[in-house]
Each structure stands twice: as structure tokens, then as C-alpha cells.
Amino acid sequence: MILLGLLLVLLAGGAIALVLTEESARYILFGYTFELNHLEMFLAGAVTMAVLALGLWLLGSGSRRTARQRRRLRSARAEASDRVARLEDEKRDLERKLEREDTSGDRLVARSPENP
């Protein structure tokens, strides 16, 4: 959306630049000559402004959407990082408990049955 919006803004800017650089109402564009009367010139200006407004709207809409996606991604990463930290803490606690049990000496040892 951002790319399309930028393209429309540039297109409208080019049309505005074309009108501002010409001294008469005769415009030559891509080998074609356009000679516009007052009503046609007004309508061309209105279309240009509509294209410019649409391009700016697309730029803003695309930027908001991208920002929203980045916020979601940042939130998901933070959540995953918290989950990993909790699991690491739990792992350390379990390792400590296991060490305490190993050093206490109260382990049961399974013996194999003796051969007759």
C-alpha cells in the first residue's frame, strides 16, 4: 500500500510540475499535444488533487498498518523471551533440587537379583 501511495503522490506531483512549468494551456506529454479549455483544466486539476489525496491516504494507511504489525511482533517477541526466562528459572530450580537429593545420601538403589 505504501508503494502504491508513493507512486500516486509522485504521479500527481509530476502533473502539478508539468502545469507549473508550461506558460500556455498547451501541454505536450509523451508526444501528444493537449490543449485544454477552462473546464477541462479545472477537471484535470480536480482529478490530480483526488489522486494526490488517495496517494497520501494510502501512505498513511500503510504506515499505520506496518506500525501495528511491528507492535504485535515486538509483543510476541517479549512474550517468548519471558516464557524462555521462566523455563530457565524452573530448570535451575529443578537442577538445585536434584543436586540436594543426590547429596543427601538417602537414595534407594535397585539391586539385581542374585543368581542361585
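None of the values given here were measured: they were computed from a predicted structure. (Residues numbered from 1 in each chain as written. Predicted model: local features only at pLDDT ≥ 70, side-chain atom pairs only at ≥ 80, totals over all residues. Heavy atoms only, no water.)

(A) A look at the layout of surface pockets. Each pocket or cavity is described by its volume, and for the largest pocket that value is around 540 Å³. Every element with two or more residues in the lining of the largest pocket is listed here: α1 (2-21), β1 (26-29) and α2 (38-104). (1 Å grid on protein atoms, 1.4 Å probe; cavity = no way out; pocket = protein on both sides within 12 Å on 5 of 7 lines; lining within 4 Å. Points joined across faces, edges and corners; volume = space filled by probe spheres on them. Helix = DSSP H or I, 4+ residues; strand = E, 2+ residues; numbered from the N terminus.)

(B) Fine view of the environment of Leu58. Tracing the backbone shows Leu58 in helix α2. A residue is classified by how much of its surface remains accessible, and Leu58, at 10% relative accessible area, is buried. C-alpha separation for the pair Leu58 and Leu3, spaced 55 residues apart in sequence, amounts to 8.6 Å. (Buried < 20%, exposed > 50% of the residue type's maximum accessible area, 1.4 Å probe, protein only.)

(C) Spatial organisation of the pairing of strand β2 (residues 32-35). In the sheet, β1 pairs with β2 via four bridges, with the strands oriented antiparallel. Bridge pairing in β2 places Ile28 opposite Thr33. Taking the residues between adjacent antiparallel strands as the criterion, β1 and β2 are bridged by two residues, where Phe30 takes a positive phi near 55 degrees. (Pairing = 2+ DSSP bridges.)

(D) Broad picture of the pattern of salt bridges. The final tally for this structure, using the stated rule, is five salt bridges. Its salt-bridge partner being Arg92, residue Asp89 comes within 2.7 Å of it at the nearest N-O pair. Residue Asp89 and its partner Arg92 are located together in helix α2, separated by three residues, close to a single helical turn. (Salt bridge = Lys/Arg side-chain N within 4 Å of Asp/Glu carboxyl O.)

(E) Just a positive patch on the surface, in detail. There is a patch of like positive charges on the surface, built from Arg64, Arg65, Arg68, Arg70, Arg71, Arg72 and Arg74. For Arg71, the position within the fold is in helix α2. (Patch = residues over 30% accessible without salt bridge, like charges linked within 9 Å, V, L, I, M, F, W, Y side chains within 5 Å. Areas by Shrake-Rupley, 256 points an atom, 1.4 Å probe, with all protein chains shown as cover. Lys, Arg positive; Asp, Glu negative; His and termini not counted. Charge placed at Lys NZ, Arg CZ, Asp CG, Glu CD.)

(F) Examining α1 more closely. Helix length check: α1 (20 residues) gives 28 Å between terminal C-alpha atoms against 28 Å at 1.5 Å per residue, within 8%. Buried within α1 are the following residues: Gly5, Leu8, Val9 and Ala12. Across the axial projection of α1, the buried residues extend over an arc of 100 degrees, all falling on one side. Across α1 from its buried face, at more than 90 degrees, point the exposed residues Leu3, Leu7, Leu10, Leu11 and Thr21. (Expected span 1.5 Å × (residues − 1). Arc of directions from axis to C-beta.)

(G) Quick peek at a nonpolar patch on the surface. The grouping of Leu29, Phe30, Tyr32 and Phe34 at the surface amounts to a nonpolar patch, some 500 Å² of accessible area in total. Structurally, the position occupied by Tyr32 is in strand β2. Note on Tyr32: relative accessible area 58%, which makes it exposed.

(H) View of the confidence of the model for the protein. The share of residues in the protein with pLDDT of 70 or more is 89%, and the mean pLDDT across the chain is 87. By mean pLDDT, β1 is the weakest element of the protein at 79, and α2 is the strongest at 92. (pLDDT = per-residue confidence, 0-100.)

(I) Spatial organisation of the environment of Ala44. Along the chain, Ala44 falls in helix α2. A C-alpha to C-alpha distance of 9.2 Å links Ala44 and Ala15, two positions 29 residues apart in sequence.

(J) Quick peek at the side chain of Thr48. Inspection of the secondary structure assignment puts Thr48 in helix α2. The residues touching Thr48, leaving out its near neighbours within four places in the chain, are Ala12, Ala15 and Ile16. (Contact = heavy atoms within 4.5 Å.)

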